[in-house]
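Chains, contacts and geometry: an overview
If you want the building blocks of each chain, they are given just below.
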Amino acid sequence: MQLTNRINRIQISPTAAVINAAEQLKAKGVDIADFGPGEPDFPTPDHIKKAAIKAIEENRSKYTPTGGIMPLREAIVAWHKRELGSDYTAKECVVNVGGKHAIFNTVSVLIQHGDEVILPAPYWVSFPDIIKYAGGTPVIVQTRAENGFGAKAADIEKVITPKTKMVIINSPCNPTGGVVTPEEYERILALCRKHNIWLMDDECYSHFVYEPHKPFSIASARDSKGNVIVIGSVSKTFAMTGWRIGYTLAPEPLIQAIIKVQSQSTSNPTSIAQYAALEAMRGTMETVPVMLAEYAARRKRIVEGLRAIPGVTCEWPGGAFYAFPNVSAHLGEGKDAIAKNCTDLAKLLLEQAHVALVPGAAFGAPGFLRLSYATSLERIEEGLRRLRKTFTRAEAAS
Ligand SMILES: Cc1ncc(COP(=O)(O)O)c(C=O)c1O
């Protein structure tokens, strides 16, 4: 079949591929310790569910304005101001079908052939493909485990060229949990202003940060508006992944361009989900610290458990809900090797140990694995037991 060059430039999301493979085994009755999915295991809070039910009962089931209902756009900018210190108007906000859609639309209206986009690695799997789909070239900058995987302005500066159009920062980061400090963010913003580059700030995990970090948005910095594009989502903060509501905050002409794309593609995000998101933005936030406390306990257990496996190192993630251990001592041809590379290792762990996780290669980080700890402590214990068994059997055999 003759498909377009555009579609041939990208691949199906590797995280989706892992989830599908695990689901197939589960369907056969196999008990999988599942560290695959990047989504909260908590239900959507009751008050949000009730708002959606009310919206259905009130027949809020018609088309809405393409960019989202005005009360939601107003509530998002008010929430962002209150929680993260920005100062946007509703006209500088558009509601999208999830954070991924927000990124896709923003990149599609700003990036074209010949443009370069700077992307710190390890990166979330969708960024490079969204850039390539638009015709742009991802320019990868490595972050380092010893710095907690935080992106550094000095590294970004080295790869800026006249073709650079955008820098993407995702803090806390999926897959590493790396957090960019406010001071470093300011340096990155200063660079972007100096070179007239967009700074796309993916804040989807903003409220899941561990001490000493605090939720932060670079949109709170003075005079940031001209360069900053905020990407946000209710998916993680409010355990609403399936509702598909995200948003973009940016200068009004950019918001208008995104509304134009939406008007010819998705039209409005689901009306009912918008009313649910409206309640998320206006209602109580008391479920957020409860989830965070649970993630903190899981983080402690999983990081300590991974570190206790011989040959495995693991940084403390500053935020999000992923552990990102380095397993390179067990890869290759050496005496402790159990697989050639991390992709083969992930396959082996799924098929033999029945542990689902994502190989680091999918995130531009061969030698690592990503484990989502958005799962119960009990399942974390079970998964660690299986991992330890697989890794130490290799040691015993050598
Ligand atoms: C870094 C990052 N950005 C954006 C998203 C998009 O989330 P959603 O489209 O559900 O809002 C995700 C989801 O996993 C993510 O990890």
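As a starting point, this report considers the structure included with it.

1. Structural notes on the overall build of the chain
Helices and strands together make up the secondary structure of the chain, namely 13 helices and twelve strands. Counting every position in the chain, which comprises 398 residues, the buried fraction comes to 56%. For the chain, the accessible area works out to roughly 17,200 Å², and carbon and sulfur atoms hold 53% of it. Taken as two groups, the 45 positive and 40 negative side-chain charges of the chain have centres that lie 3 Å from each other.

2. Structural notes on a nonpolar patch on the surface
A cluster of nonpolar residues, M1, L3 and I7, forms a patch on the protein surface that exposes about 360 Å² of accessible area. Position of L3 among the secondary structure elements: in the segment before α1 (5–8).

3. Details of the environment of A361
Structurally, the position occupied by A361 is in the loop between β11 (358–359) and β12 (369–372). For the pair A361 and I56, spaced 305 residues apart in sequence, the C-alpha to C-alpha distance is 43 Å. If we ignore the near neighbours within four places in the chain, the residues touching A361 are C342, T343 and P366.

4. Overview of the site of the ligand
The full set close to the ligand counts 13 residues, and G99, D202, S233, S235 and K236 are the nearest of them. At 2.7 Å, a side-chain N or O of Y205 approaches an oxygen atom of the ligand. Residue composition of the shell around the ligand, by class: three nonpolar, six polar and four charged.

5. Focus: the packing of aromatic side chains
Inspection of every chain in the model, using the stated rule, returns 15 aromatic pairs. For the ring pair Y295 and F321, a centre distance of 5.0 Å and an interplane angle of 35° mean the geometry is tilted. Here Y295 is found in helix α11 (residues 287–307), whereas its partner F321 is found in the loop between α11 and β9 (322–323), with 26 residues between them in sequence. In this structure, Y295 and F321 share a single accessibility class: buried. Among the aromatic side chains, those forming a connected cluster through ring pairs are F42, Y205, F208, Y295, F321 and Y322.

6. Describing the sheet that holds β12
Taken together, the three strands give an open sheet; going across it, the order is β9-β12-β11, and neighbouring strands pair in antiparallel fashion. The open sheet is flanked by β9 and β11, the only strands paired with a single partner. Summarising the sheet, β11 and β12 pair through two bridges and their orientation is antiparallel. Residue P359 lies in a different strand from β12, and its bridge partner there is L369.

7. Overview of helix α6 (residues 126–133)
α6 sits mainly inside the fold: six of its eight residues count as buried. Turning to α6, its buried residues are S126, F127, P128, D129, I130 and I131. Buried residues belonging to α6 abut α5 (99–110), β3 (116–121), β4 (137–142), β5 (164–170) and β6 (198–202).

8. A few points about the nonpolar core
Ranked by internal contacts, the top residues of the largest apolar core, which has 89 residues, are F238, I302 and L306. Counting residues per element, this core draws most heavily on helix α10 (residues 271–282), which supplies seven residues. Mapped onto the domain boundaries, this core takes at least three residues apiece from domain 1 (5–43 + 287–397) and domain 2 (46–282). In contact with I302, not counting residues within four places along its chain, are F35, A323, L371, Y373, I380 and L384. Residues A102, Y123, F149 and M200 belong to the second largest nonpolar core, which totals 35 residues.

Cut-offs and rules
Residues numbered from 1 in each chain as written. Predicted model: local features only at pLDDT ≥ 70, side-chain atom pairs only at ≥ 80, totals over all residues. Heavy atoms only, no water. Helix = DSSP H or I, 4+ residues; strand = E, 2+ residues; numbered from the N terminus. Buried < 20%, exposed > 50% of the residue type's maximum accessible area, 1.4 Å probe, protein only. Areas by Shrake-Rupley, 256 points an atom, 1.4 Å probe, with all protein chains shown as cover. Lys, Arg positive; Asp, Glu negative; His and termini not counted. Charge placed at Lys NZ, Arg CZ, Asp CG, Glu CD. Patch = residues over 30% accessible without salt bridge, like charges linked within 9 Å, V, L, I, M, F, W, Y side chains within 5 Å. Salt bridge = Lys/Arg side-chain N within 4 Å of Asp/Glu carboxyl O. Contact = heavy atoms within 4.5 Å. Near = heavy atom within 4 Å. Polar contact = N/O pair within 3.5 Å; in protein donor to acceptor, adjacent residues only side chain to side chain. Nonpolar A, V, L, I, M, F, W, Y, C, P; charged D, E, K, R; others polar. Phe/Tyr/Trp six-rings, centres within 6.5 Å; stacked < 30°, edge-to-face > 60°. Pairing = 2+ DSSP bridges. Core = buried A, V, L, I, M, F, W, Y, C linked by side-chain atoms within 4.5 Å. Domains from an automatic or database assignment.

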